[in-house]
Each structure stands twice: as structure tokens, then as C-alpha cells.
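Given next are the chains, with one letter for each unit.
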Amino acid sequence: QVQVVESGGGLVQPGGSRRLSCAAPETMFRLNVMAWYRQAPGKQRELLASIRNPVGTNYADSVRGRFIISRDFVKNTVYLEMNNLKPDDTAVYYCNTNPVHYDWGQGTQVTVST
């Protein structure tokens with residue numbers, strides 16, 4: 001099964017920053033629009049940011065101006081730089097293609113709290 005591995009989550013204070021990483025299989029990474037999603041407790045999974053090959057990004061209104069998505073073609077890795085984090089950003093963060101074509105990984109928990 002093709003699956004990604006997300007990492008980089010943890011506990012962050014409000015206003016802080018965090019960078020998430022997503023290591024993806026080469027075929028998945030190179031042939032698709034890659035994206036970050038999140039799912040907060042009791043809520044549906046939402047699309048946050050997408051990055052096209054070779055260039056072009058899109059962001060949800062909730063994170064535009066605070067989050068930055070990028071990709072490393074050598075490492076087959078997608079990143080999500082998160083800045084000015086808020087308690088509402090607390091969620092499990094996942095990466096996948098956009099639209100979703102692959103199984104979900106384990107995700108990485110981000111908790112924004114004092």
C-alpha cells in the first residue's frame with residue numbers, strides 16, 4: 001500500500017510556529033498535486049493547502065497568510081510551515097494528494113495551548 005509518513009507535530013504555544021513534514025513515495029509525490037489536510041475533534045477533515053508540480057499553491061482562508069506549503073523534489077517531501085498558531089489550529093494533520101487518491105497516513109498531532 002502506498003502511504004505517506006507525516007511528522008513534526010507536538011505541543012505549541014499560541015503565536016508559535018511549527019514545521020510539518022510528509023515523506024511520500026516518489027510516484028505519488030511527482031505525479032500529483034500534494035496537499036495538507038487536518039481534522040479537529042468532532043469535525044470533518046478539511047483541505048488546508050495544495051502545491052502543484054512544478055509550481056503553484058492554494059490555501060484555505062483559515063490558514064492563508066499564516067501557513068506555507070512547499071516541496072523538496074530530492075527528498076520527495078512536502079512541508080507545511082505553520083506560523084502564528086492559534087488554539088483552533090489544534091488537530092491531526094495529514095498529507096495526501098488533491099484530490100485524494102491514496103490511503104491516509106497516521107497523521108501528526110498538533111496541539112496549540114498554553
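Residues numbered from 1 in each chain as written. Predicted model: local features only at pLDDT ≥ 70, side-chain atom pairs only at ≥ 80, totals over all residues. Heavy atoms only, no water.

1. Some details on the nonpolar core
So, step 1. In this structure, Trp36, Phe67, Ile69, Val78, Leu80, Met82 and Tyr93 are the most contacted members of the largest nonpolar core, which totals 27 residues.
So, step 2. Counting residues per element, the ones that place at least two in this core are strand S3 (18–23), helix H1 (26–31), strand S4 (34–39), strand S5 (46–51), strand S7 (67–72), strand S8 (77–82), strand S9 (91–97) and strand S10 (108–112). (Core = buried A, V, L, I, M, F, W, Y, C linked by side-chain atoms within 4.5 Å. Buried < 20%, exposed > 50% of the residue type's maximum accessible area, 1.4 Å probe, protein only. Helix = DSSP H or I, 4+ residues; strand = E, 2+ residues; numbered from the N terminus.)

2. Details of the pattern of salt bridges
So, step 1. Across all of its chains, the model carries five salt bridges by this definition.
So, step 2. Salt-bridge contacts for Arg38 lead to Asp89; the nearest nitrogen and oxygen are separated by 2.8 Å. Note that Arg38 is positioned in strand S4 and Asp89 in the loop between S8 and S9, a separation of 51 residues in sequence. Here the two residues Arg38 and Asp89 agree in accessibility, since each one is buried. (Salt bridge = Lys/Arg side-chain N within 4 Å of Asp/Glu carboxyl O.)

3. A look at the environment of Gly56
So, step 1. Residue placement: Gly56 occurs in the loop between S5 and strand S6 (57–59).
So, step 2. Given the relative accessible area of 24%, Gly56 is considered partly exposed.
So, step 3. Along the chain, Gly56 and Val33 lie 23 residues apart, while their C-alpha atoms are 9.6 Å from each other.

4. Let's talk about the packing of aromatic side chains
So, step 1. Per the counting criterion, the structure on display carries three aromatic pairs.
So, step 2. Arranged with centres 5.3 Å apart and planes meeting at 75 degrees, the rings of Phe29 and Phe73 form a pair that is edge-to-face. Linking Phe29 in helix H1 with Phe73 in the loop between S7 and S8, this pair joins segments that are 44 residues apart in sequence.
So, step 3. Accessibility expressed as a relative area gives 0% for Phe29, which makes it buried.
So, step 4. Taking 5.0 Å as the distance between ring centres and 90 degrees as the angle between the ring planes, the aromatic pair formed by Tyr37 and Trp104 counts as edge-to-face. With Tyr37 in strand S4 and Trp104 in the loop between S9 and S10, this pair connects stretches of sequence that are 67 residues apart.
So, step 5. Among the aromatic residues, ring-to-ring pairing joins Tyr37, Tyr94 and Trp104 into one connected group.
So, step 6. One Lys or Arg, Arg45, reaches over the ring of Tyr94 and ends 4.4 Å from the middle of that ring.
So, step 7. Arg45 extends its terminal NZ or CZ atom over the ring of Trp104, reaching a point 3.8 Å from the ring centre. (Phe/Tyr/Trp six-rings, centres within 6.5 Å; stacked < 30°, edge-to-face > 60°. Lys NZ or Arg CZ within 6 Å of the ring centre and 35° of its normal.)

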